[in-house]
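An overview of the molecular structure
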Amino acid sequence: MKQIVKRGAAVLAAGAAAAGALALSSPASAATTTTTCSDSVLISGLSTKACVDLNGTQARFYGTVGAPGIAEPGPGGVITPQRAEVEVSGHVVGGLFLGSRRQSVSIWNNTVTVEGATATAPCGSTVRAEVKLSQGPVGPGGPSFYGPASVTVDAPVGC
């Protein structure tokens, strides 16, 4: 019985040593994601923000569009959501286009995140996220929309 206990303890010790070696062989510091966002800008009454997440040289471009407060009912007590076409694009400042995506949104007392492209940016460059709004389909008596308008933010890409 003592022999079984000794062998079991030896197996456990070997397993712990192997786990410790694996932990030591993993990278000491994994790349961290840095988020840079513009200030919130009102575009036709919609709070709009451009953002970029950087993880090494990987850049994720996105934007948020939302109503800054509670919408008031329109004529006849009807609440009409604000509709807009949102385009999120990313590029290297002074150069390479990294992609864009377009989405129709309907905003009423909520905030929507609109995803743009995810791309690899050159080391040491600066990337720019742009969120551009233009009028979406508006029903009878819907809100007026003046656009297109955009907001941008720049972020340096580390190496």
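This text goes with the structure placed above it.
Report on the accompanying structure. Because the structure is a prediction, the values reported are computed rather than measured.

**Remarks on the overall build of the protein chain**
When its secondary structure is counted, the protein chain shows 1 helix and 9 strands. Counting helices and strands in the order they occur from the N terminus, the protein chain gives α-β-β-β-β-β-β-β-β-β. The burial tally for the protein chain puts 29% of its 159 residues in the buried class. Summarising the internal contacts of the protein chain: among those between residues at least 6 apart in sequence, 62% fall at separations of at least 24. A total accessible area of about 9200 Å² is found for the protein chain, and carbon and sulfur atoms account for 59% of it.

**A word on the nonpolar core**
Within the largest apolar cluster, 27 residues are counted, with the highest numbers of intra-cluster contacts made by Val 52, Phe 61, Val 86, Val 127 and Leu 133. Mapped onto this core, the elements with two or more residues apiece are β3 (46-55), β4 (58-66), β5 (82-92), β6 (97-107), β7 (111-120), β8 (126-135) and β9 (149-156).

**Details of the pattern of salt bridges**
Tallying each qualifying case throughout the model produces 5 salt bridges. With its nearest N and O atoms 2.6 Å apart, the salt bridge here joins Arg 60 to Glu 115. Here Arg 60, found in strand β4, pairs with Glu 115, found in strand β7; they are 55 residues apart in sequence, far enough to count as distant. Judged by relative accessible area, Arg 60 falls into the partly exposed class, the value being 25%. The residue Asp 154 makes a salt bridge to Arg 128 at a minimum N-O spacing of 2.6 Å. Here Asp 154 is found in strand β9, whereas its partner Arg 128 is found in strand β8, with 26 residues between them in sequence. In this structure Asp 154 comes out as partly exposed when scored by relative accessible area, which is 35%. Connected via shared salt-bridge partners are Asp 53, Arg 60 and Glu 115.

**Here's the deal with the state of the cysteines**
What makes a disulfide is a covalent bond joining the sulfur atoms belonging to two cysteines. By the definition in use, this model includes 2 disulfides. Sulfur-sulfur distance for the disulfide between Cys 37 and Cys 51 comes to 2.1 Å. Its S-S torsion of about 110° marks the bond between Cys 37 and Cys 51 as right-handed, since a negative value means left-handed. Taken together, the residues Cys 37 in strand β1 (residues 33-37) and Cys 51 in strand β3 connect sequence positions 14 residues apart. Residue class for Cys 51 comes out buried when judged on its relative accessible area of 2%. There is a disulfide in this structure between Cys 123 and Cys 159, and the S-S distance comes to 2.0 Å. Placement of Cys 123 in the loop between β7 and β8 and of Cys 159 in the segment after β9 is noted, with a sequence separation of 36 residues between them. The disulfide pattern of the protein chain is 1-2, 3-4 when the bonded cysteines are numbered in sequence order.

**Digging into the pairing of β5**
Most of β5 sits inside the fold, with 8 of its 11 residues counted as buried. Bridge count for β5 against β6 is 10 bridges, and the pairing is antiparallel. By the bridge assignment for β6, Val 86 is matched with Gln 103. Two successive antiparallel strands, β5 and β6, enclose a turn made up of 4 residues, where Gly 94 displays a positive phi of approximately 80°. As paired strands, β5 and β8 are joined by 9 bridges and run antiparallel to one another. Within β8, the position partnered with Glu 87 by the bridge is Lys 132.

**So, the sheet that holds β5**
Across the sheet, 4 strands lie side by side as β6-β5-β8-β9; this open sheet has antiparallel pairing. Either end of the sheet is taken by a strand with one partner, and the two such strands are β6 and β9. If you compare each strand with its neighbour and ignore which way they point, the axes differ by 15° on average.

Cut-offs used in this document
- Residues numbered from 1 in each chain as written.
- Predicted model: local features only at pLDDT ≥ 70, side-chain atom pairs only at ≥ 80, totals over all residues.
- Heavy atoms only, no water.
- Helix = DSSP H or I, 4+ residues; strand = E, 2+ residues; numbered from the N terminus.
- Buried < 20%, exposed > 50% of the residue type's maximum accessible area, 1.4 Å probe, protein only.
- Contact = heavy atoms within 4.5 Å.
- Areas by Shrake-Rupley, 256 points an atom, 1.4 Å probe, with all protein chains shown as cover.
- Core = buried A, V, L, I, M, F, W, Y, C linked by side-chain atoms within 4.5 Å.
- Salt bridge = Lys/Arg side-chain N within 4 Å of Asp/Glu carboxyl O.
- Disulfide = S-S within 2.5 Å.
- Pairing = 2+ DSSP bridges.
- Axes fitted to C-alpha atoms, helices over the stretch in contact; angles between N-to-C directions.

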